[in-house]
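Geometric and topological summary
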Amino acid sequence: MTDSVTAPKLDKPDEFYARLLTAHEGLSKAESDAFNARLILLMANRIGNLTELEALLEAARAR
Amino acid sequence: MTKLFEAPLYPYKWSPDQDAPSPVRHPVVIIGAGPVGLATAIDLAQADVPVVVLDDNDKVSVGSRAICFSKRSLEIFDRLGCGDEMEDKGVVWNVGKVFFGDRQVYDFNLLPEEGHKRPAFINLQQYYCELFLVERIRALQAEGKPVEIRGGNKVANLTAYDDHTLVTVETPEGAYNLEADWLIACDGAGSPTRKMLDLDFVGRVFEDNFLIADVIMKADFPTERWFWFDPPFNKDQSALLHKQPDGVWRIDLQLGWDIDKEKEKKPENVILRLKDMLGPDVEFDLEWVSIYTFQCRRMEQFRHGRVIFAGDSAHQVSPFGARGANSGFQDADNLGWKLKLVLDGKAPERLLDSYAVEREMAADENILQSSRSTDFITPKSEISRIFRDAVLDLSEHFEFARPLVNSGRLSVPCIYDGSPLNGPDAAGLPARTRPGSPAVDAPFAEGWLLDRIGGDFLLLGLGAEVPAKMELDGIQITGLTIAANQINRDLKHRYLGEVGSAVYLIRPDQHVAARWTGFDETAVEQALAIALGKKELAA
């Protein structure tokens, strides 16, 4: 499961990363935390499936 | 207005038991004439089981207290003969508004599923609920049913034996003893019975205080449920505004744990808070105010030999989701028929262990649900607060976030999955009516299906003929055949799905015991034995 949900899929990795950082520019720590939380919730809704979400939670635990 | 809760409803009266030379033995004694004790008494009395209810008070409870009665409770009241009184007096609402900080983030219309006799819930002061239950007991007494409520009877001591309990009762005319084959403790969260028997009450998941006020609005105000997260008039806490009958509005202000109760309860302080909440132009009278403290926990076991606990004495949850009184009625519903069959010698005593199994499962579900609501309403850490606020911010703009907003998930009946009383299931039939589920209502023959179910075991045949009457193992089973041409869309959707015919064995508390796609008397007999606790389902 983890393999299928974490397999490389990003269209333009550098572009996405730059936009993620740009989105946080000028935000305080609290504003950034809130932004991230909203983004996680939006992305979770986009995924929808609980099994996939669980696999992503598990993958995020690995460091 | 008349204060219903000031009039004695069941004043103390001398009972012949008080002069008996030796303690009089009763089959069932219930301690506590609150909603759960009264409902249990009605259920037993309707089934001709003699029952005595003891209460140290003589009135209905003061203030609105439990105000939200769920569809399942109304269905139970129907079976107890007082559903119409409750719904006729109650307030039905469908529109709610959610506020976050100083702004409204969204509103909603519940649009409940059609094809049910009762609405999803009603708002009704607890004292009305108790009044209608007492009136129902009076009506049963007039019919000669064996039920009495003894007001001014305070239980002072209990001695539990293997086959009965000795109860010492204090009255204004002195103390007396009586004996109970079965004792049912419905004496609330602080249960003196639990303490007298030195039993546990574990869990204490969290604790909180609520300021609850009943106010009478002097002008029109919409029939809506308003819920605030972190409002300016109650920083970092929640608030709820709810309509009740008689133009009374219920306001719940969460206060947190570490508070000065006496100061918070002072009317001048309450009025200041309410003015902040309602705005300077809304005129109101404060009718009642109280501080409600709750903890979230349950007894490890609801049955202790011949003593059985039901309602708040057995389990306590947060008020979010109205799971207190509503789950107590489900306790009563679950217990009544089992106790009758055991008393009649038609089922083994261990049938009552299934009461404990099923209702402990329900209590765990209620504690889980109300803990989740509490975690959302009162975030326990910085990060949970960040996510909670993110959900509320998103809910203003995006519909997807609204189901994440948790201001209480309204009480729905527990489905007893895995209960030892569940018999076989048949593949392909709808999941919502699987064994362990409460039968789902549907329109039927100018009326309602649930009005035809309950009190006795029932065999329901849909597109399959079942005998109109059967007696198996000394148990009467009523049959209800719904011919193929009588099966409407709701019945099909709720009981058949894509399958052509089905037979359901339904318990006296309207929960499904087993189901098949056709009638087979041997199969019914085996499922009945399982539902009576006489045998186990073969693997």
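All of these numbers come straight from a predicted model, not from anything done at the bench. (Residues numbered from 1 in each chain as written. Chains lettered and ligands numbered in written order. Predicted model: local features only at pLDDT ≥ 70, side-chain atom pairs only at ≥ 80, totals over all residues. Heavy atoms only, no water.)

A few points about the overall build of chain A
As a reminder of what qualifies: Here a strand is any run of E in DSSP of at least two residues, a helix any run of H or I of at least four, and the numbering for each starts at the N terminus. It is over C-alpha atoms that the radius of gyration is taken, and the globule rule equals 2.2 Å times the number of residues to the power 0.38. Each accessible area is a Shrake-Rupley result for a 1.4 Å probe, and residues are judged covered by the shown protein chains and nothing else. Asp and Glu are treated as the negative residues and Lys and Arg as the positive ones, with His and the ends of the chain left uncounted. Charge positions come from single atoms, namely NZ of Lys, CZ of Arg, CG of Asp or CD of Glu.
Per the secondary structure count, chain A includes four helices and zero strands. Mapped in sequence order, the helices and strands of chain A form the string α-α-α-α. Taking 11 Å as the expected radius of gyration for a compact globule of 63 residues, we find that chain A reaches 13 Å, considerably beyond that expectation. Referenced to the eigenvectors of the C-alpha coordinate spread, the extents of chain A come out at roughly 40 × 25 × 25 Å. Total accessible area on chain A stands at roughly 5,300 Å², and carbon and sulfur atoms take up 57% of it. Computed over 8 positive and 10 negative side-chain charges, the inter-centroid distance for chain A is 2 Å.

Describing the environment of Arg489(B)
All names here are of chain B. Spelled out, the test is: Burial status follows relative accessibility: with a 1.4 Å probe on protein chains alone, a residue under 20% of its type maximum counts as buried, one over 50% as exposed, and anything between as partly exposed.
In this fold, Arg489 is placed in helix 11 (residues 489-496). In this structure Arg489 comes out as exposed when scored by relative accessible area, which is 66%. Each C-alpha atom of the pair Arg489 and Pro443 lies 9.3 Å from the other, and the pair is 46 residues apart in sequence.

Overview of helix 10 (residues 382-397) of chain B
Put simply, the rule is: By this rule, a helix spans an expected 1.5 Å times one less than how many residues it contains. Any two residues having at least one pair of non-hydrogen atoms within 4.5 Å are treated as being in contact.
Taking 1.5 Å of rise per residue, 16 residues should cover 22 Å, and helix 10 of chain B covers 24 Å from first to last C-alpha, within 8% of that figure. Each element contacted by the buried residues of helix 10 of chain B is listed here: helix 3 (29-47) of chain A together with strand 4 (95-100), strand 5 (103-109), strand 12 (225-229) and helix 9 (351-377) of chain B.

Looking at the sheet that holds strand 15 (residues 284-295) of chain B
All names here are of chain B. Operational definition: DSSP-based pairing: two strands are paired if at least 2 bridges between them are found. What counts as an axis is a line fitted to C-alpha atoms, over the stretch in contact for a helix, and the angles between N-to-C directions run from 0 to 180 degrees.
If you walk across this open sheet you meet the seven strands as 5-4-12-13-14-11-15, and the pairing is mixed. Pairing within the sheet leaves two strands with one partner each, and these edge strands are strand 5 and strand 15. Mean inter-strand twist for the sheet, computed between neighbouring axes without regard to direction, equals 15 degrees. Of the pairings in the sheet, the one linking strand 11 (residues 207-217) to strand 14 (residues 248-256) comprises eight bridges and is antiparallel in character. Residue pairing in the sheet places Val215 in a bridge with Trp249 of strand 14. Set on the sheet, helix 7 (residues 267-278) makes contact with strand 11, strand 12, strand 13 (238-243), strand 14 and strand 15; between it and strand 15 the angle comes to about 100 degrees.

Points about a nonpolar patch on the surface
All names here are of chain A. Let me state the cut-off plainly: The patches reported here contain residues having more than 30% relative accessible area and no salt bridge. Joining distances are 9 Å for like charges and 5 Å for nonpolar side chains (Val, Leu, Ile, Met, Phe, Trp, Tyr). Note on definitions: salt bridges are taken to be side-chain nitrogens of Lys or Arg within 4 Å of carboxyl oxygens of Asp or Glu.
Residues Leu10, Phe16, Tyr17, Leu21 and Met43 make up a contiguous nonpolar surface patch of roughly 510 Å² in combined accessible area. No other element matches helix 2 (residues 13-24), which puts three residues into the nonpolar patch. Note on placement: Leu10 falls in the loop between helix 1 (2-6) and helix 2.

A closer look at the interface of chain A and chain B
Note the cut-off: A 1.4 Å probe defines the accessible area here, and the buried area is the portion of it lost by two parts on being joined, summed over both. Between N or O atoms, a polar contact is any pair within 3.5 Å; within protein, one atom must be a potential hydrogen donor and the other a potential acceptor, and residues adjacent in sequence are included only when both atoms are from side chains.
In this assembly, eight residues from chain A lie in contact with nine residues from chain B. Roughly 750 Å² of surface becomes buried between chain A and chain B when both sides are summed, with 87% attributable to carbon and sulfur atoms. When the area that chain A buries against chain B is broken down by residue, the three leading residues are Arg38(A), Leu41(A) and Leu42(A), summing to 57%. At the junction of chain A with chain B, the criterion picks out zero salt bridges. Counting the contacts that link chain A with chain B gives zero residue pairs in polar contact (both at pLDDT 80 or more).

Side note on the nonpolar core
Nonpolar side chains in soluble globular proteins generally cluster together in the buried interior. Quick reminder of the rule: Among buried residues, the Ala, Val, Leu, Ile, Met, Phe, Trp, Tyr and Cys ones that are joined through side-chain atoms within 4.5 Å form a nonpolar core. Each domain's extent is set by a domain assignment, obtained either automatically or from a database.
Core analysis: the largest hydrophobic core is formed by 94 residues, its most contacted members being Met86(B) and Phe457(B). If you tally residues by element for this core, the top one is helix 4 (residues 126-142) of chain B, at nine residues. Built from parts of two domains, this core gets at least three residues from each of domain 1 (4-89 + 120-202 + 297-365) and domain 3 (431-531) of chain B. Counting 28 residues, the second largest nonpolar core, distinct from the first, contains Leu41(A), Phe227(B), Phe229(B) and Cys296(B).

Let's talk about the packing of aromatic side chains
Residue and element names in this part refer to chain B. Put simply, the rule is: Here a pair means two rings of Phe, Tyr or Trp (six-membered ring of Trp) with centres within 6.5 Å. Their orientation is stacked below 30 degrees between planes, edge-to-face above 60, and tilted elsewhere.
Counted under the stated rule, the structure contains 21 aromatic pairs over all chains. Relative to Phe77, the ring of Phe69 has its centre 6.4 Å away and its plane inclined at 55 degrees; by these criteria the two rings are tilted. Classification of Phe69 as buried rests on a relative accessible area of 1%. With a relative accessible area of 0%, Phe77 lands in the buried category. Ring centres of Phe77 and Phe329 lie 4.8 Å apart, and the angle between their planes is 75 degrees; this geometry places the pair in the edge-to-face category. In this pair, Phe77 is assigned in helix 2 (residues 71-80) and Phe329 in helix 8 (residues 325-343), connecting sequence segments 252 residues apart.

Digging into the layout of surface pockets
Heads up, the condition is: Of the two site types, the cavity is a set of points on a 1 Å grid over the protein atoms alone where a 1.4 Å probe fits but cannot get out, and the pocket is an open set with protein on both sides within 12 Å along at least five of seven lines, each lined by residues with an atom within 4 Å of a point. Grid points are joined across faces, edges and corners, and a volume is the space filled by probe spheres set on the points. Ten residue types, Ala, Val, Leu, Ile, Met, Phe, Trp, Tyr, Cys and Pro, are classed as nonpolar, four, Asp, Glu, Lys and Arg, as charged, and the remainder, Gly among them, as polar.
Of the voids in this model, the second largest pocket is the one considered here, and its volume is about 970 Å³. If you trace the second largest pocket, you find 27 residues lining it, with Ile40(A), Leu41(A), Ala44(A), Leu57(A) and Phe387(B) closest to the centre. Elements with a minimum of two residues in the lining of the second largest pocket: helix 2, helix 3 and helix 4 (50-61) of chain A together with helix 9 and helix 10 of chain B. Top contributing element to the lining of the second largest pocket by residue count: helix 3 of chain A, with eight residues. Its residues placed into classes, the lining of the second largest pocket shows 19 nonpolar, four polar and four charged.

Brief notes about the domain arrangement of chain B
The parts lose accessible area when they come together, and the size of an interface is often stated as this lost area. All names here are of chain B. With domains assigned, chain B is organised as domain 1 (4-89 + 120-202 + 297-365), domain 2 (207-294) and domain 3 (431-531). Taken over C-alpha atoms, the centre of domain 1 sits 29 Å from the centre of domain 3. On the side of domain 3, 16 residues touch domain 1, which itself brings 13 residues to the contact. Of the roughly 1,000 Å² buried between domain 1 and domain 3, counting both surfaces, carbon and sulfur atoms make up 52%.

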